[in-house]
Amino acid sequence: MSKDVLMRDLNPQQREAIVCTEGPLLILAGAGSGKTKVIAHKFSYLVKAKRLSPDSIFTVTFTNKASDEMKERIYSLLEKDINTSWIGTFHSQCNRILRREIKIPGYNNNFSIYDEGDQYSLVRHILKEFKIHEALYKGVATRISSLKSSLTGPEEFLSSGDGFGFDEKLAKVYVRYQDELKRSNALDFDDLIMLTVKLFEKNPRILEKYQNMFSYILVDDFQDTNYVQYCFLKLLTSAHKRICVIGDDDQSIYRFKGANVNNILSFENDFPGAKLMELEQNYRSTQSILTVSGAVISQNSERKHKKLWTDKGWGEKVYCCWFHTYEEEAKYIAKIIKELYLKGRYDYKDFAIFYRINLQSRALEDALREEGLPYRVLGNVSFYQSKEIKDVVAYLRLSLNHGDNVSLRRIINCPPRGISAATLSRIEHEAKKRSISLFDTIKATLRSDSFSSTVKDRLTEFVKLIEDFSATKYRSAAEMLKGVFEKSGYSETQDKERARNVEELISSAEGKEIKDFLDRVSLFTSMDEITGGDYISLMTLHSAKGLEFPVVFITGLEEGVLPYYKALEGKDEIAEERRLFYVGMTRAKDVLWLTGASKRRLYTKLQDQEPSRFLRDIPRNCCQWIENITDYQKIKPAPVKRKVEPKRPFALYTSGCRVKHPIWGIGVVHDCFGDGDDQKVTVNFPSIGLKRLAVKFANLEKM
Ligand code: ATP
Ligand code: MG
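### Looking at the packing of aromatic side chains
Two numbers describe a pair of aromatic rings. These are the distance of the centres and the angle of the planes.
Moving on, step 1. This model, assessed by the stated rule, comprises 28 aromatic pairs.
Moving on, step 2. Summarising the aromatic geometry, the rings of Phe323 and Tyr332 are spaced 5.0 Å apart at their centres and angled 55 degrees between planes, so their arrangement reads as tilted. The exposure classification of Phe323 matches that of Tyr332, with both residues buried.
Moving on, step 3. The residue whose ring lies beneath Arg96 is Trp86, and the NZ or CZ to ring-centre distance is 3.8 Å.
Moving on, step 4. Here Arg124 stacks its cationic end above the ring of Tyr137, 4.5 Å away from the centre of that ring.

Next up, the structure:
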């Protein structure tokens, strides 16, 4: 693709942002103005016009899913394999650096990555040990995480404390937690970044290597970077300052994870001479949606003013509805979706329903099911978090890293092999005394007389099992998973559903290198779930970031829900809730519905609810109040029905069919996800192995 084609469908501001490649650049722009698109085109421009190698551009996206989409977009622009390029989240990029470079005493590069679930289970373990109320584990884990994201290690925190009350206890838990991670040769998500920064600070040579390796840095969703991520960027670019960060201060919604919108303000100070650019044309939403969302967000005082316009016209007014109960709200939404679907203008995948808290999804799911509408809930219980998947993965992790205590605790008696909690507790005690891992402790106690011969036999068998997995040369992650599933006895004890899930995991690991596969699984978060397929999407407002849908419903616009009750006291917290609402509204392309109800069951109680304060900020002339479905039918004339039955998605490719790719040649489709335009396939190419491709971008030819 020539340079001109690359620039063809961009507006002058976007073009300017792309060709500005010297010195620091901050692009601050509103929702839907093409920020993410600019990143993809700028990457391609740097390769095409500036002759940079794709591997020398360091690109950060907010989720793994966004990185995959970015890779696909760039691939379709460049028509060039960019598989080894550095496009990923902060976590995955730092992981990649640490796997090569970790030279921090106590760790080696076989480290395990502990996700939120593992982190929780470790914190609980420590709270129990310290005889602190175990139910506090989430709060404690969050505090530790925010300390790490402000680069405060356990020692610094311990020495900064006043020595009183809970903070003192927290400091002790933090010290112990970090100690336990180190002993397990494990890093949690925050460590991935914190330890990379520490590594760079302590080893100028290593830092220099990476500074030289990357000639350009691109960062999307910069408003949600936290302090430690910002430090990482500053270190990486301190030599050449060729960095372009793109963001929208109005969409900063991860303060509770340490995101600091002030990084946008600091950027101009920390990178003197930084150019500031804006993008003003919104390509996503109608004028009504822009005006309504603009009116709401303008109530936040500390923000950079931005202009946004669209040439899409006013479109439909924004619909606002208030119901007696949350169940009515849900039923009404399901009816509207069905009606719009039957009119034929929208597919199911064009609808999204957002809510503030996960438990709101229950009533919505019931209502959609009742109407026979297909839907998917994002981020509730992710596949990788289900018990059987975590169990099998724990075998892999322990086999690769014998220090991994969290994994050992998980599987030592799973499936049951007669190793009791009391035995484990004795091993724990011994491990702590000797300051070594549980696995090494077990091996050591086998040489002593600590246990009866029956227990010893069982422990010996367990050690042998893990050591066999470690020693076997598996050709792929799938082969190892298969081995684990069969030899661990796990396959015999599981019900059909669980066994099917493990089989799905095995097939997704086909052709993948073991360590890469484990990294991918460990770094996966609920925001990365595949959205392909003709389904209505249900998700929290936090997960909606970066996405777009023709028709959006935002539910529960009530005081205590949106804004959330924990935020009601503070001005900054309310501002954050308003931004969250703004993010939700600006996902809508054509139609936006805002709903709420007088009665809602929250946790166990049926509560009386007041309309959200945010509804007061909506300009009356841009919205239409709807009381019931017949009102709505009066505005919208009776539909021409297209199909009464939900349509069956048309699958373009199916497993086993042969395809031709312009670069990798002929391959066989291994798996398909989604359908129609959104279909993604994994294809086995004899030349390079398994590849995951979006049909829309991949230029595949069916043979
Ligand atoms: P958000 O703030 O929500 O992350 P964004 O600024 O990153 O949004 P994009 O997602 O890049 O915006 O773009 C929004 C939509 O507008 C996308 O569908 C994109 O393809 C389209 N778009 C962006 N720029 C143009 C353009 N110059 N011409 C046509 N469509 C465009
Ligand atoms: Mg974006």
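There is more to say, and it comes next.
### Structural notes on the domain arrangement of the protein chain
Where interface size is given, it is often the accessible area lost as the parts come together that is meant.
Moving on, step 1. Annotation of the protein chain at the domain level lists domain 1 (3-99 + 194-279), domain 2 (112-184), domain 3 (287-381 + 530-634), domain 4 (383-523) and domain 5 (658-702).
Moving on, step 2. On a C-alpha basis, the centres of domain 2 and domain 3 stand 37 Å from each other.

### Concerning the side chain of Ser149
Moving on, step 1. Checked against the element boundaries, Ser149 lands in helix α7 (residues 137-149).
Moving on, step 2. A relative accessible area of 3% places Ser149 in the buried class.
Moving on, step 3. Here Ser146 takes part through its backbone oxygen, which lies 3.1 Å from a polar atom of the side chain of Ser149.

### A closer look at the sheet that holds strand β8 (residues 275-277)
Moving on, step 1. What the six strands build is an open sheet, ordered β3-β2-β6-β7-β1-β8; its pairing is parallel. Of all strands in the sheet, those with a lone pairing partner are β3 (86-88) and β8, marking the two edges. If you compare each strand with its neighbour and ignore which way they point, the axes differ by 10 degrees on average.
Moving on, step 2. Of the strand pairs in this sheet, strand β1 (residues 25-28) and strand β7 (residues 243-247) are connected by four bridges, and their pairing is parallel. Looking at the pairing, Leu25 lines up with Cys244 of β7.

### Quick word on the sheet that holds strand β18 (residues 665-673)
Moving on, step 1. Reading across the sheet, the five strands line up as β20-β19-β18-β17-β21 and stay open at both edges, with antiparallel pairing between neighbours. A strand with exactly one partner marks an edge of an open sheet, and here the two such strands are β20 (689-694) and β21 (701-702).
Moving on, step 2. In the sheet, strand β19 (residues 680-685) pairs with β20 via six bridges, with the strands oriented antiparallel. Counterpart to Phe685 in the pairing with β20 is Gly689.

### Comments concerning the pattern of salt bridges
Moving on, step 1. In this structure the tally under the stated criterion is 52 salt bridges.
Moving on, step 2. Between Asp118 and Arg397 there is a salt bridge, with the nearest N and O atoms lying 3.2 Å from each other. Placement of the pair is Asp118 in helix α6 (residues 116-129) and Arg397 in helix α17 (residues 387-400), with a sequence separation of 279 residues. For the pair formed by Asp118 and Arg397, the shared burial category is buried.
Moving on, step 3. Close ionic contact of Glu129 with Lys432 constitutes a salt bridge, the shortest N to O distance being 3.3 Å. A residue pair is termed long-range when its members are at least 10 positions apart, and Glu129 in helix α6 and Lys432 in helix α19 (residues 421-434) qualify at 303 residues.
Moving on, step 4. For Lys432, a relative accessible area of 46% puts it in the partly exposed group.
Moving on, step 5. A network of salt bridges, in which partner residues are shared, links Glu129, Arg176, Asp179, Glu180, Arg183, Arg409, Glu428 and Lys432.

### Section: the pairing of strand β15 (residues 605-608)
Moving on, step 1. Both strand β14 (residues 588-602) and β15 contribute to a ladder of four bridges, which runs antiparallel. Across the sheet, the residue bridging to Lys599 is Asp608, located in β15.

### Notes on the site of ligand 1
Moving on, step 1. Contacts to ligand 1 come from 17 residues, most closely from Asp9, Lys35, Gln251, Glu548 and Arg587.
Moving on, step 2. Contacts to ligand 1 include Glu548, whose side-chain N or O atom sits 2.6 Å from an oxygen atom.
Moving on, step 3. When residues in the shell around ligand 1 are grouped by element, the largest group, three residues, is from helix α3 (residues 35-48).
Moving on, step 4. Partitioned by chemical class, the residues of the shell around ligand 1 number three nonpolar, eight polar and six charged.

### Some thoughts on the side chain of Glu558
Moving on, step 1. The residue Glu558 is located in the loop between β13 (549-554) and α26 (571-585) in this model.
Moving on, step 2. The contacts of Glu558, once residues within four sequence positions are left out, are Trp322, Pro563, Gly596, Ala597, Arg600, Gln609, Glu610, Pro611 and Ser612.

### A few points about the environment of Cys672
Moving on, step 1. By secondary structure assignment, the location of Cys672 is in strand β18.
Moving on, step 2. Taking the C-alpha atoms as reference, Cys672 lies 9.4 Å from Arg692; in sequence the two are 20 residues apart.
Moving on, step 3. Non-local contacts of Cys672, meaning those with residues more than four positions away in its chain, are made with Tyr653, Thr654, Ser655, Gln679, Lys680 and Val681.

### Concerning the state of the cysteines
Moving on, step 1. Scanning all chains against the criterion turns up zero disulfides.
Moving on, step 2. Free of any disulfide, Cys231 has its nearest neighbouring cysteine sulfur in Cys94, separated by 12 Å.
Moving on, step 3. On the accessibility criterion, Cys231 (10% relative accessible area) is buried.

Quick notes on the rules
Residues numbered from 1 in each chain as written. Chains lettered and ligands numbered in written order. Predicted model: local features only at pLDDT ≥ 70, side-chain atom pairs only at ≥ 80, totals over all residues. Heavy atoms only, no water. Phe/Tyr/Trp six-rings, centres within 6.5 Å; stacked < 30°, edge-to-face > 60°. Buried < 20%, exposed > 50% of the residue type's maximum accessible area, 1.4 Å probe, protein only. Lys NZ or Arg CZ within 6 Å of the ring centre and 35° of its normal. Domains from an automatic or database assignment. Helix = DSSP H or I, 4+ residues; strand = E, 2+ residues; numbered from the N terminus. Polar contact = N/O pair within 3.5 Å; in protein donor to acceptor, adjacent residues only side chain to side chain. Pairing = 2+ DSSP bridges. Axes fitted to C-alpha atoms, helices over the stretch in contact; angles between N-to-C directions. Salt bridge = Lys/Arg side-chain N within 4 Å of Asp/Glu carboxyl O. Near = heavy atom within 4 Å. Nonpolar A, V, L, I, M, F, W, Y, C, P; charged D, E, K, R; others polar. Contact = heavy atoms within 4.5 Å. Disulfide = S-S within 2.5 Å.

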